[in-house]
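Observations on the three-dimensional arrangement
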Amino acid sequence: MQSSYDIVADEFSAVNDLIAKQLTSDVGLVENISQYLVTGGGKRIRPLITLLAAGALDQANNLKQIQLATAVEFLHTATLLHDDVVDMSTLRRGQPTANANWGNASSVLVGDFVYSKAFQLMVGIGSLQVMQILSDTTTKIAEGEVQQLMAIGDLSLSQDDYFNVIRNKTAQLFEGACQASAVTAGASQSDIDNLGQYGLHLGLAFQLVDDYLDYSGNSADLGKNVGDDLAEGKLTLPLIEALRITASDDSDTSKEQHAILEKAISEKDISQIESVVSITQSSGALEITLTHAREQTELAKAALSSIAPSAYKDELITISDFVISRTV
């Protein structure tokens, strides 16, 4: 994975510098939270794939691509600030969330500030098509978050419902970043579409693995508390599949497991996390989730087949493999 950063080291450094430069303010509280975000870690996968996509089209070292990658990271950061408030999260990337440190109101308002910075950068790129892609992207992300909120505690949530949510709230930004990078590089419509498909499937795989890890990992792996999804009443694929599998079996054991799952989800009972984890594992729900993640990474790689061979393309493939390697 490190090689993916190395190949765009200068450009990635320029993105980090621009992030630090842009997230400054004369307003003390905005400055404090912004600097906390700048130093808060994270792999910055989205700007990385933006730069690699540009490199695959011979346009990595380009000021507009630096601006785009930074804007993409700002869109992601703003979304996280708002999400943590909605979810009442206290841990992000292994550190206290901004809302845990400064309160919900401050986090929401600084999230708005970061969104504004993203759109300032987009204006600087000077492409109406890029503005269209990323404004559509932010709309879909917001819709995905509302879909997820509406689905809290909904025991009838289907696999299709789940994929609709994660396509909007997570995969859409990966897709939009790759599409916008290709547009900025002056690529053909075919390459724009194919790189967009790469981003879409990579984003789906990324979220599937996150949801897998919530029932198989630990806080160090996740950068958040294990069982947070259960505590929030979110039905991700491991729970959806575990409910389906236990409901389809008439044995007393399955009936008992199904009742445990329903009660834990309905009551958002984190004290039942060990039982819930055990059921998602023994029922095969976790393996089903991982299988879907693997399928999405293969689709991501396949979408790159028409992109000319290059070291940048190789690293886009490496990132697909890295997403799955997080489960090992």
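In this report, the structure presented in the accompanying data block is examined. The shown structure was predicted, so the numbers you read here are calculated from the model rather than taken from an experiment. (Residues numbered from 1 in each chain as written. Predicted model: local features only at pLDDT ≥ 70, side-chain atom pairs only at ≥ 80, totals over all residues. Heavy atoms only, no water.)

1. Looking at the pattern of salt bridges
Proximity of charged atoms lets side chains of opposite charge pair with each other. This model, assessed by the stated rule, comprises nine salt bridges. Two residues, Glu 232 and Lys 234, come together in a salt bridge whose shortest N-O distance is 3.0 Å. Here Glu 232 and Lys 234 have matching classes, each one buried. Of the charged contacts, one joins Asp 321 and Lys 301 as a salt bridge, the two residues approaching to 2.5 Å between their closest N and O atoms. Of this pair, Asp 321 sits in helix α17 (residues 311–325) while Lys 301 sits in helix α16 (residues 285–303), and the two are 20 residues apart along the sequence. Three or more residues are tied together by salt bridges with common partners; here these are Glu 298, Lys 301 and Asp 321. (Salt bridge = Lys/Arg side-chain N within 4 Å of Asp/Glu carboxyl O. Buried < 20%, exposed > 50% of the residue type's maximum accessible area, 1.4 Å probe, protein only. Helix = DSSP H or I, 4+ residues; strand = E, 2+ residues; numbered from the N terminus.)

2. Looking at the nonpolar core
Generally speaking, soluble globular proteins have nonpolar side chains that are buried together. In this structure, Ile 49, Leu 195 and Tyr 198 are the most contacted members of the largest nonpolar core, which totals 95 residues. In contact with Ile 49, not counting residues within four places along its chain, are Phe 174, Cys 178, Tyr 198, Leu 202, Leu 316 and Ile 319. (Core = buried A, V, L, I, M, F, W, Y, C linked by side-chain atoms within 4.5 Å. Contact = heavy atoms within 4.5 Å.)

3. Overview of the packing of helix α13 (residues 237–247) against helix α15 (residues 273–282)
One can describe the packing of α13 onto α15 by two numbers: an axis separation of 9 Å at closest approach and a directional angle of 70°. Relative to α15, the element α13 is oriented roughly perpendicular. Contact residues: Pro 238, Leu 239, Ala 242 and Thr 246 in α13; Val 276, Ile 279 and Thr 280 in α15. Within the contact of α13 with α15, the residues separate by chemical class into five nonpolar, two polar and no charged. (Axes fitted to C-alpha atoms, helices over the stretch in contact; angles between N-to-C directions. Parallel < 35°, antiparallel > 145°, perpendicular 65-115°, else oblique. Nonpolar A, V, L, I, M, F, W, Y, C, P; charged D, E, K, R; others polar.)

4. Description of the environment of Gly 203
Examined against the element boundaries, Gly 203 turns out to sit in helix α10 (residues 189–213). Taking the C-alpha atoms as reference points, Gly 203 and Ser 271, 68 residues apart in sequence, are found 31 Å from one another.

5. Some details on the packing of aromatic side chains
For the coordinates displayed, the defined rule picks out four aromatic pairs. Ring geometry for Tyr 36 versus Trp 102: centroids 5.1 Å apart, planes at 75°, classification edge-to-face. Of the two residues, Tyr 36 is situated in helix α3 (residues 28–38) and Trp 102 in helix α6 (residues 98–102); the sequence distance between them amounts to 66 residues. Centre to centre, the rings of Phe 174 and Phe 206 are 5.6 Å apart; their planes meet at 45°, and the pair counts as tilted. Taken together, the residues span a long stretch of sequence, with Phe 174 in helix α9 (residues 159–184) and Phe 206 in helix α10 at a distance of 32 residues. Assigned by exposure class, Phe 174 and Phe 206 land together as buried. Cation over ring: Arg 46 sits above Phe 206, and NZ or CZ is 5.5 Å from the ring centre. Arg 326 extends its terminal NZ or CZ atom over the ring of Phe 206, reaching a point 4.8 Å from the ring centre. (Phe/Tyr/Trp six-rings, centres within 6.5 Å; stacked < 30°, edge-to-face > 60°. Lys NZ or Arg CZ within 6 Å of the ring centre and 35° of its normal.)

6. Observations regarding the packing of helix α5 (residues 63–87) against α9
Any two packed helices are characterised by how steeply their axes cross, that is the angle between the axes, and by the distance between the axes. Two numbers describe how α5 lies on α9: the axes approach to 10 Å, and their chain directions differ by 165°. If you check the angle between α5 and α9, you find them roughly antiparallel. In this structure, α5 crosses over α9, and the sense of that crossing is right-handed. Across the interface between the two elements, Lys 64, Gln 65, Leu 68, Val 72, Leu 75 and His 76 from α5 touch Leu 173, Ala 177, Ala 180, Ser 181 and Thr 184 from α9. Among the residues making up the contact of α5 with α9, the classes are represented as six nonpolar, four polar and one charged. (Left-handed = near helix turned anticlockwise from the far one by under 90°.)

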